[in-house]
Amino acid sequence: MPARDPLTNTVHINETTQHQKPKKAIPLEQGEISNLSFWISQISMIIATVLGVYLAAQQGLQQAVLFEQIQSDKNNYYLRQSLQHELSDNLVLIEKYTEQIKNISVHAVKRYDLVLDTFVWESMKFSPATLETPSALLSESRKFYREVNDIHGKIQTSFYSTHYGTKLLLEQVEHMKTVVLPMFEADTNQLKQALAQQDVEVD
């Protein structure tokens, strides 16, 4: 409370009892504001740069993977189609051979030889795409070449009669036409469709 002076009958007001006015906030100096804005802009630029580099790298990686997949599909398509055509040509050669030896003697059969085309089959040994070929196609092709060469060798040495040897060869031809070549056709068509979805045409 304010104190009253008994002598003068006056009231003395203590300065400390007066309501103090609230202190005004000291504004940031212009230099501090500029410095803060600078660091905010620098941090924003760094974040934007890192994010941009990351997104660009991701996009580049996706494009590289897609390109590798397309190239692999193209290589596999041409390799398998070439082998399919070679096998088809060999079936024609076998049919011509069996027609030639059908009515000749065992001794005369040696004058007729069966030489299969093996360029694609032999070249596949050096192609990285070979092991990407479905195992069923590789297995059937391998058995075809082995069985035909074995039968032909036994006909040439008179181990098989021309009649029996011809029968076995034509069984190989029938199996290839009804089972194996359709497998090749389905596989190459699947690859062709996958490439078409990426706007890549193959012959």
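Refer to the preceding data block for the structure.
Rules used in this analysis
Residues numbered from 1 in each chain as written. Predicted model: local features only at pLDDT ≥ 70, side-chain atom pairs only at ≥ 80, totals over all residues. Heavy atoms only, no water. Phe/Tyr/Trp six-rings, centres within 6.5 Å; stacked < 30°, edge-to-face > 60°. Buried < 20%, exposed > 50% of the residue type's maximum accessible area, 1.4 Å probe, protein only. Helix = DSSP H or I, 4+ residues; strand = E, 2+ residues; numbered from the N terminus.

Asks: How should I be thinking about the packing of aromatic side chains in this particular structure?
Replies: The geometry of two aromatic rings is summed up by the distance between their centres and the angle between their planes. Here the structure, examined in full by the defined rule, presents five aromatic pairs. Ring centres 5.4 Å apart and planes at 75 degrees place the aromatic pair Tyr77 and Tyr78 in the edge-to-face group. By relative accessible area, Tyr78 is classed as partly exposed at 35%. Arranged with centres 5.1 Å apart and planes meeting at 85 degrees, the rings of Tyr160 and Tyr164 form a pair that is edge-to-face. A residue is classified by how much of its surface remains accessible, and Tyr160, at 15% relative accessible area, is buried. The structure contains a cluster of three or more aromatic residues connected by ring pairs, namely Trp121, Phe144 and Tyr145.

Asks: How should I be thinking about unusual backbone geometry in this particular structure?
Replies: Backbone geometry follows two general trends: most residues other than glycine have a negative phi, and most peptide bonds adopt the trans configuration. Located in the positive-phi region is Ser158, a residue other than glycine, with phi close to 65 degrees. Its place among the elements puts Ser158 in the loop between α3 (135-156) and α4 (162-196). In this structure Ser158 comes out as partly exposed when scored by relative accessible area, which is 36%.

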